[in-house]
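A look at the structure
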Amino acid sequence: MNNRLKVLRAERNWSQAELADRLGVSRQTVNALETGRYDPSLPLAFRIARVFEQPIESIFMED
Amino acid sequence: MPSPKPPRIARYPALRYVAVMATCMVFGGVVGAAAAIMGSLGAVPVAAMAFVIALGMAGVIWMCGWWWRGLDEAAREAHKWAWWWGSTFSLAIGGVVLLTGMVALDAAQVSTALAAYDPVDLVQGGAFAVLLLQTLGYALAWVFWWARHR
């Protein structure tokens, strides 16, 4: 699954560690999410949407 | 919509893991010492021995729960994946070695070679070999999961 996490994070000038803190995950998990190698659970996807104040479907898209 | 607080995870999960391992060893040491002391006092009811061991095991499980709650979902996924695939692969490899040995080696020779060992030691050695193999497979699978998800 593709996502716009890296772009959204860069727009806010957040580091991976900062985003990790906001989401309650580790920096390694943020990295895995950004590279598209780990698909988040629904609860985490909702947290990501809430942190970026965007609907889930505008952040995650199918391959 | 107000943003709920994110779940709290351990800031240094590796340190927490070391703490859990160290505490487990202490629990094991205490239970072992208690069992030895009880044994030296004479005939100890099996129920009393089981109670002491169960108490130590409960402490270990509680520590494992504390460690698990400090992990985020990706870290948990890595451990679940490693538990399944690491153990399965290591047992499969061990099975190939064991079955090949059973077929290829002469049973009489094996019996003669093992005759010098205490049967209890052999059983314990076998159990530890399985444990070691599974732990090794688990560790390799865990490393593989994270390498694939970087």
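Scroll up to find the structure this text is about.
Described below are features of the structure shown in this document. Counting from 1, residues in each chain are numbered in the order their sequence is written. All chains are assigned letters beginning with A, and all ligands numbers beginning with 1, in the order in which they are written. Where totals are concerned, whole chains, interfaces and linings use all residues; where local detail is concerned, this predicted model gives features only for residues with pLDDT of at least 70, and gives and counts side-chain atom pairs only at 80 or more. Each side-chain value is worked out from all heavy atoms of the structure, with water and hydrogens disregarded.

**Concerning the overall build of chain B**
Helix and strand counts for chain B stand at five helices and zero strands. With C-alpha atoms as the basis for the radius of gyration, the globule rule is written as 2.2 Å multiplied by the number of residues raised to the power 0.38. Expected size for 150 residues packed as a compact globule is a radius of gyration near 15 Å; at 21 Å, chain B overshoots this value by more than 25%. With the C-alpha coordinates of chain B rotated into their principal frame, the extents come out at 75 × 45 × 20 Å. Residue burial in chain B is summarised as follows: out of 150 residues, 18% are buried. For chain B, the share of sequence-separated contacts (at least 6 apart) that also reach a separation of at least 24 residues comes to 76%. The Shrake-Rupley method, run with a 1.4 Å probe, gives the accessible areas here. Residue values count only the displayed protein chains as cover. Here chain B has roughly 10,900 Å² of accessible surface; of this, 76% comes from carbon and sulfur atoms. Within chain B, one finds 9 positive and 6 negative side-chain charges whose respective centroids are separated by 24 Å. Only DSSP runs of H or I reaching four residues or more are called helices, and only runs of E reaching two or more are called strands; each is numbered from the N terminus. Burial classes: relative accessible area under 20% of the type maximum marks a residue as buried, over 50% as exposed, and values in between as partly exposed (1.4 Å probe, protein chains only). Contact definition: two residues touch when any of their heavy atoms are within 4.5 Å. Charge counting follows a simple rule: Lys and Arg are positive, Asp and Glu are negative, and His as well as the terminal groups are ignored. A charge is said to be at NZ when it belongs to Lys, at CZ for Arg, at CG for Asp and at CD for Glu.

**Quick word on the environment of Ala129(B)**
Residues and elements named next belong to chain B. Position of Ala-129 among the secondary structure elements: in helix α5 (residues 119–148). The class for Ala-129 is partly exposed, based on a relative accessible area of 43%. Considered as a pair, Ala-129 and Val-103 are 26 residues apart in the sequence and their alpha carbons are 20 Å apart.

**Here's the deal with the interface of chain B and chain A**
Every contact between the two is made by 17 residues of chain B and, on the other side, 18 residues of chain A. Between chain B and chain A lies a buried interface of about 1,400 Å² when both sides are counted; carbon and sulfur atoms form 54% of it. Among the residues chain B hides against chain A, the three largest losses belong to Glu73(B), His149(B) and Arg150(B). Together they make up 35% of the total. Each salt bridge in this description consists of a side-chain nitrogen of Lys or Arg and a carboxyl oxygen of Asp or Glu lying within 4 Å of one another. One can count zero salt bridges joining chain B with chain A. Under this definition, polar contacts are N or O atom pairs within 3.5 Å; protein pairs additionally need one hydrogen-donor-capable and one acceptor-capable atom, and for neighbouring residues in sequence, both atoms have to be side-chain atoms. Put simply, chain B and chain A have six residue pairs in polar contact (both at pLDDT 80 or more) between them. Elements with a contribution of two residues or more to the side of chain B that touches chain A: α3 (73–104) and α5 of chain B. For the side of chain B that touches chain A, a count of residues per class yields nine nonpolar, two polar and six charged. Values labelled buried area give the accessible surface lost by two parts on being combined, using a 1.4 Å probe and summing over both. Throughout this entry, Asp, Glu, Lys and Arg are counted as charged residues, while Ala, Val, Leu, Ile, Met, Phe, Trp, Tyr, Cys and Pro are counted as nonpolar. The remaining residues, Gly among them, count as polar.

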